[in-house]
Amino acid sequence: MSAHPHQAHPALVLFALSVGAFAIGTTEFAAMSLLPFFARDLGIDAPTAGHAISAYALGVVAGAPVIAAFGARLPRRTLLIGLMAMFALANGLSALSPSYHWMLLFRFLSGMPHGAYFGVAALVAASLVPIEKRAQAIARMFAGLTVATIIGVPVANWMGQALGWRWGFGVVAVLALATVTLVAIHAPRDGGDAKASPMRELTALQRPQVWLTLLTGAIGFGGLFAVYTYVASTMIEVTHVSEAYVPLILAIFGVGMTLGNLASAWAADRALNRTVIGIMLWSAASLALFPLLAGHVWTLGLVIFMIGLGGGLGTPLQARLMDVAGDAQTLAAALHHSAFNVANAVGPWLGGLSIAAGHGLVSTGWIGAALSLGGLAVFLIAIALQRRTAPRIVAPAE
């Protein structure tokens, strides 16, 4: 699984892939902060405008398995270029949306390449290095997404306020075109997999370990989103601080997520299963502390940083999917991001139910802790079944 020096330089390939991750992370998170601006411009209220966020997530969930299954035979470099070209076009069209309904369509189309891009990019990143370093390579690609929460989202939001919300989507289209160019120049040229087919990719769905790993992410990562979605409202209504502090706290979250991503990858290359268990226990504890520490801005910043560290769960689960997916690598890798968008829907929904029931904004922390423990329970079941059927999978996981 080592790279061939004459084909590609690993550092340049990972940089090219991370620019695409940065573009995706920017549009995914910045769209939430641009919502008030495009809602006003398109003549709709905020809850209706929120459907545009849901449309993007639906595009991710729907697009990842379809594109991955039917694109598995293509050379990965070609598939990545096509996905980013589609992403650039859809975000460019989002910037030009003449009405709410067109906006919904363009956001759905923007989401479709998301999961397949990350899935294929993770496989390319892993192929560049020896197997004992693959999680770290995947993390370096994912770093684009986590850095976007620190830099890309505030810049897109600033552009949206200073120049108009359409520029926030336009800059993402430019970043996607830059990714197309960088991938075309630096990504390794491969001949594709002539034996690949949608039916072979669908064999991943016959494997219980694939479903259990996906379910671990869909439930376990929901806790982070349960708190993240309402953190701005919590700061204003519970912590009683100025709105000016919100970008700072969100940036602190992004720093935690970036460091957690890199640290978890290092640990996962040494003990994959124990890393996943440790992260989920850490997340459960951090989320449980949130209601206790949300009253003061400095303790809130600390606990948000701790919750952000738990964002490192994605890379170890991606690596595990590579172990359990067999020949259906592309589909399994892409479904990973569908699962995380399920978490992005489930966490805020359950958090919202708790708030609506009168338990207060900080109750999202307890909901989040319960989801983390739920994901941990699923993962422990997966390990128990794995040990019962086979003592060890492809990569050292203990």
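Conventions we followed
- Residues numbered from 1 in each chain as written.
- Predicted model: local features only at pLDDT ≥ 70, side-chain atom pairs only at ≥ 80, totals over all residues.
- Heavy atoms only, no water.
- Helix = DSSP H or I, 4+ residues; strand = E, 2+ residues; numbered from the N terminus.
- Rg over C-alpha atoms; globule rule 2.2 N^0.38 Å.
- Buried < 20%, exposed > 50% of the residue type's maximum accessible area, 1.4 Å probe, protein only.
- Contact = heavy atoms within 4.5 Å.
- Areas by Shrake-Rupley, 256 points an atom, 1.4 Å probe, with all protein chains shown as cover.
- Lys, Arg positive; Asp, Glu negative; His and termini not counted.
- Charge placed at Lys NZ, Arg CZ, Asp CG, Glu CD.
- Expected span 1.5 Å × (residues − 1).
- Salt bridge = Lys/Arg side-chain N within 4 Å of Asp/Glu carboxyl O.
- Axes fitted to C-alpha atoms, helices over the stretch in contact; angles between N-to-C directions.
- Parallel < 35°, antiparallel > 145°, perpendicular 65-115°, else oblique.
- Left-handed = near helix turned anticlockwise from the far one by under 90°.
- Phe/Tyr/Trp six-rings, centres within 6.5 Å; stacked < 30°, edge-to-face > 60°.

- The name given to the protein chain in an unreviewed UniProt entry is MFS transporter, and the organism recorded there is Sphingobium naphthae.

Some details on the overall build of the protein chain
- What the protein chain contains, in helices and strands, is 16 helices and zero strands.
- Relative to the compact-globule value of 21 Å for 398 residues, the protein chain shows a C-alpha radius of gyration of 20 Å, a close match.
- Its C-alpha atoms give the protein chain principal-axis dimensions of about 55 × 45 × 35 Å.
- For the protein chain, the proportion of its 398 residues judged to be buried stands at 56%.
- Counting only contacts in the protein chain whose residues sit at least 6 apart along the sequence, the fraction spanning at least 24 positions is 84%.
- Carbon together with sulfur atoms contributes 71% to the accessible area of the protein chain, which is approximately 15900 Å² in total.
- Of note, the protein chain has its 19 positive side-chain charges centred 9 Å away from the centre of its 13 negative side-chain charges.

A closer look at the environment of Phe38
- The residue Phe38 is located in helix H1 (residues 10-42) in this model.
- Between the C-alpha atom of Phe38 and that of Ala343, which follows or precedes it by 305 residues, the distance is 25 Å.
- Each residue touching Phe38, except ones within four places of it in the same chain, is listed here: Ala31, Ala49, Ala52, Met103, Trp165 and Phe169.

Quick word on helix H4 (residues 100-127)
- Taking 1.5 Å as the rise per residue, H4 with 28 residues should run 40 Å; its terminal C-alpha atoms sit 42 Å apart, in good agreement.
- Burial within H4 is extensive, with 21 of its 28 residues counted as buried.

Overview of helix H14 (residues 314-324)
- Among the 11 residues that make up H14, 11 are buried, leaving the element largely enclosed by the rest of the structure.
- Of the positions making up H14, those classed as buried are Gly314, Thr315, Pro316, Leu317, Gln318, Ala319, Arg320, Leu321, Met322, Asp323 and Val324.
- Following H14 by one or two positions, Gly326 adopts a phi angle in the positive range, close to 65°.

Some remarks on the pattern of salt bridges
- Applying the stated criterion across every chain, the model contains two salt bridges.
- For Asp323, the salt bridge is made with Arg134, and the minimal N-O distance between the two is 2.9 Å. On the criterion of sequence distance, the pair formed by Asp323 in helix H14 and Arg134 in helix H5 (residues 134-163) is long-range, its members being 189 residues apart. Here Asp323 matches Arg134 in class, with each residue buried.

Comments concerning unusual backbone geometry
- Non-glycine residue His240 carries a positive phi angle of around 60°.
- Note that His240 resides in the loop between helix H10 (231-239) and helix H11 (246-268).
- Judged by relative accessible area, His240 falls into the exposed class, the value being 61%.

Some remarks on the environment of Ser110
- Along the chain, Ser110 turns up in helix H4.
- Spatially, the C-alpha atoms of Ser110 and Phe225 are 21 Å apart, while their sequence positions differ by 115 residues.
- Not counting chain neighbours up to four residues away, the residues in contact with Ser110 comprise Tyr56, Phe87, Ala90, Asn91 and Ser94.

So, the packing of H4 against H5
- For the pair H4 and H5, interaxial distance at closest approach is 8 Å and the crossing angle is 140°. Here H4 is positioned oblique relative to H5, judged by the angle of their axes. Like other packed secondary-structure pairs, H4 and H5 cross with a definite hand, here right-handed. Contacts between H4 and H5 involve Phe118, Ala121, Ala122, Ala125 and Ala126 from the former and Arg134, Ala137, Ile138, Met141, Phe142 and Leu145 from the latter.

Some words on the packing of aromatic side chains
- Under the definition given, this model contains nine aromatic pairs.
- Here Tyr228 and Phe253 contribute two aromatic rings whose centre-to-centre distance is 4.6 Å and whose plane-to-plane angle is 45°, an arrangement assigned as tilted. Here Tyr228 is found in helix H9 (residues 222-228), whereas its partner Phe253 is found in helix H11, with 25 residues between them in sequence.
- Taking the relative accessible area as the measure of exposure, Tyr228 reaches 14% and is therefore buried.
- Grouped by ring-pair contacts, the aromatic residues Phe38, Trp165 and Phe169 constitute a single cluster.

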